[in-house]
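Structure assessment
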Amino acid sequence: MSLQVRNLTKQYGQQKAVHNISFELREGEIVGFLGPNGAGKSTTMKVSTGYLPPTEGDVLVGGYSVVEHPMHVKQLTGYLPEHNPLYLDLYVHEYLNFIGKLYGIGSAKLKHRVGEMIELCGLTHEQNKKIEALSKGYRQRVGLAQALIHDPKILILDEPTSGLDPNQLVEIRKLIKDISTNKTVIFSTHIMQEVQALCDRVIVINKGNIVADDSLTSILKRGSGSVTVVAEFEGTVNIDDLRLLKGVQSVAAVGASSFRITADAGVDVRPEVFRFAADRNLSLIGLKLEENSLESIFHTLTTQQVMHSEN
Amino acid sequence: MLQVLSKEFNSFLNSLIAYVVIGVFLTSMGLLVWVFPDTAVLDYGYADMDTLFSLGPYVFIFLIPAVTMKSFAEEKKAGTLELLMTKPLTDWNIILGKFLASFLLVLFALLPTVVYYFSIYTLGNPVGNIDTPGVVGSYIGLLLLGGVFCSIGILASSITTSQIVAFILAAFFCFILFSGFDSVAQLNLWSSQALLIKQLGVLYHYESLSRGLIDSRDVIYFLSVTFIILSISKLILGSRQW
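Residues numbered from 1 in each chain as written. Chains lettered and ligands numbered in written order. Predicted model: local features only at pLDDT ≥ 70, side-chain atom pairs only at ≥ 80, totals over all residues.

Taken residue by residue, the interface counts 17 residues in chain B and 18 residues in chain A. For the side of chain B that touches chain A, the secondary structure elements donating two or more residues are α1 (2-14) and α6 (80-85) of chain B. Residue composition of the side of chain B that touches chain A, grouped by class: five nonpolar, eight polar and four charged. (Contact = placed C-beta atoms within 7 Å. Helix = DSSP H or I, 4+ residues; strand = E, 2+ residues; numbered from the N terminus. Nonpolar A, V, L, I, M, F, W, Y, C, P; charged D, E, K, R; others polar.)

Further remarks concern the confidence of the model for chain A. Here chain A averages 83 in pLDDT, while 93% of its residues score no lower than 70. Taken as a whole, residues 306-311 of chain A scores under 50 in pLDDT and shows nine contacts with residues more than four places along the chain or in a different chain. (pLDDT = per-residue confidence, 0-100.)

We now examine the packing of helix α2 (residues 17-35) of chain B against helix α4 (residues 50-68) of chain B. In a pair of packed helices, the angle between the axes and the distance between the axes together describe the arrangement. All names here are of chain B. For the pair α2 and α4, interaxial distance at closest approach is 10 Å and the crossing angle is 160°. The angle between the axes of α2 and α4 places the two elements in the roughly antiparallel class. Between α2 and α4 lies a crossing whose hand is right-handed. Contacts between α2 and α4 involve Ile 17, Val 21, Val 24, Phe 25, Ser 28, Met 29, Leu 32 and Val 33 from the former and Thr 51, Leu 52, Leu 55, Gly 56, Val 59, Leu 63, Ala 66 and Val 67 from the latter. Its residues placed into classes, the contact of α2 with α4 shows 13 nonpolar, three polar and no charged. (Axes fitted to C-alpha atoms, helices over the stretch in contact; angles between N-to-C directions. Parallel < 35°, antiparallel > 145°, perpendicular 65-115°, else oblique. Left-handed = near helix turned anticlockwise from the far one by under 90°.)

Turning to the nonpolar core, a few remarks are in order. Counting 129 residues, the largest nonpolar core has Tyr 95 and Ala 145 of chain A together with Val 148, Ile 152, Ala 170 and Cys 174 of chain B as its most contacted members. By size, the runner-up hydrophobic cluster in this structure holds 11 residues, among which are Val 229, Val 251, Val 269 and Val 273 of chain A. (Core = buried A, V, L, I, M, F, W, Y, C linked by C-beta atoms within 7 Å. Buried ≥ 20, exposed ≤ 12 C-beta atoms within 10 Å, placed from the backbone.)

Residues and elements named next belong to chain A. Pairing within the open sheet is antiparallel, and its four strands lie in the order β2-β1-β4-β5. Either end of the sheet is taken by a strand with one partner, and the two such strands are β2 (15-25) and β5 (64-65). In this sheet, β2 lies alongside strand β1 (residues 3-12) in antiparallel orientation, the contact comprising seven bridges. When the sheet's bridge partners are listed, Val 5 is paired in β2 with Phe 23. (Pairing = 2+ DSSP bridges.)

Moving on, we get to the packing of helix α9 (residues 132-158) of chain B against helix α12 (residues 202-210) of chain B. Residues and elements named next belong to chain B. Interaxial distance between α9 and α12 falls to 7 Å at its minimum, and their mutual angle equals 155°. Of the possible angle classes, the one that applies to α9 and α12 is roughly antiparallel. Across the interface between the two elements, Gly 134, Gly 137, Ser 138, Ile 140, Gly 141, Leu 145 and Val 148 from α9 touch Val 202, Tyr 206, Leu 209 and Ser 210 from α12. For the contact of α9 with α12, a count of residues per class yields six nonpolar, five polar and no charged.

All names here are of chain A. As defined by bridge partners, strand β12 (residues 248-253) adjoins strand β13 (residues 258-264) across five bridges and the pair is classed as antiparallel. Directly across from Ser 250, in β13, lies its bridge partner Thr 262. Hairpin connection from β12 to β13: four residues lie between these consecutive antiparallel strands.

Shown next as structure tokens:
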């Protein structure tokens with residue numbers, strides 16, 4: 001089942017949270033929805049689940065418009081909201097039962113489903129505890145179990161791993177990976193490693209605009225048009241001298257006397273930088289080849305001025 | 001709607017709320033009707049249940065807002081309202097579920113007081129010397145009044161995330177709607193409109209029912225007030241869509 005976001009705009013008062021974005025998730029994809037805080041990730045998700053209406057545009061789930069058929073869309077999607085709200089005074093199985101009933105699952109099937117979800121999400125030992133007694137990682141599992149109880153075709157997860165410790169992080173990621181085999185999943189995050197660990201495809205959003213929508217490998221390649229080196233000197237260096245080195249495209253100061261030097265692809269400027277320092281009798285105290293990782297691509301994508309956001 | 005109703009009602013039962021509400025209501029009514037000399041029926045000398053029906057609404061003014069104050073305020077604060085609203089439920093399902101759960105609790109609090117009727121019935125001299133139609137009418141009035149108060153409580157809870165604000169607003173509006181209109185009508189300002197203002201309030205219709213004459217106009221008044229107040233809550237919940 002596919003999820004299509006079509007020319008979606010969402011405005012809160014005067015402020016545009018999401019500005020005319022469109023993308024499509026094909027069946028079976030896991031897509032990371034990446035962006036800094038306040039970029040419009042949660043807003044897009046809230047519109048997709050029918051919680052908020054779009055100002056303009058539409059979201060189609062399996063061909064059904066969220067504006068015209070909200071009940072049908074809600075039946076097809078599983079949603080884990082940001083901060084994972086739960087009824088803390090309920091027992092785990094009681095809570096899952098309640099959510100299941102809201103989806104109209106019959107009691108015999110529901111009992112089976114609840115058992116299945118408890119096992120799948122690793123809650124077997126916690127099922128007879130009240131949710132308030134659970135640690136954050138387990139609560140997150142309950143949130144996931146709740147989103148999965150009616151076997152939705154589309155899974156929308158809003159920051160499913162925020163605030164977890166590193167072990168829980170790995171577990172929840174594995175869980176998401178496991179359950180996503182026959183589902184279309186979109187999850188938002190601002191953690192790069194997560195995207196690397198989970199997704200086939202990344203959509204980067206910044207200030208309400210999509211700045212990248214591509215497969216992970218091509219986004220990683222995108223940065224490889226150049227090589228970046230970070231050099232740190234002792235003493236003062238004239239930045240313009242560095243710019244004159246062979247193969248250097250640009251130089252940016254990152255500290256008092258450290259510089260990020262971007263050079264043409266295939267050129268390793270480190271020997272040049274070393275000779276530069278030696279010639280001027282400078283001490284070179286750091287010289288590191290920076291991998292153009294997702295993190296720095298994220299940084300470039302989300303800090304550059306978005307062209308059409310101003311109009 | 002039924003799922004929300006049963007979940008809400010269960011959460012009343014699983015927390016202390018249900019027991020405290022029922023316990024406090026029955027204790028205070030029991031003391032007022034049987035023990036406190038100013039109001040006790042034993043000292044009064046007449047076999048009637050006026051104490052219950054005239055003071056019951058004032059106890060409700062405090063108890064019902066306490067029952068309803070968390071219904072939406074807490075869900076909004078905890079974010080679980082977003083969860084409910086992304087499930088295949090309409091806003092009416094959620095509102096009616098919560099409303100009926102609190103109404104059911106009021107009904108359960110009121111039910112044991114039926115024992116008072118039988119006690120007074122037997123204590124009367126001659127036995128059975130009690131205005132039965134009046135009691136039946138009063139019970140219907142008190143239940144309908146409970147419904148109005150529940151809807152006010154739900155409304156107050158839907159406009160804020162603070163339970164305390166919800167409680168105070170609900171208690172205030174219950175009081176105004178119950179006896180405020182009646183008192184305002186007594187001001188020497190209105191001349192011929194005084195009755196109209198009086199009829200806007202709950203007390204006028206409540207007293208009319210407690211005379212034992214179940215007038216459809218009074219019943220319709222109560223039901224429509226409840227419906228209007230719940231509709232305003234629906235409007236407020238729907239305002240996220242604007």
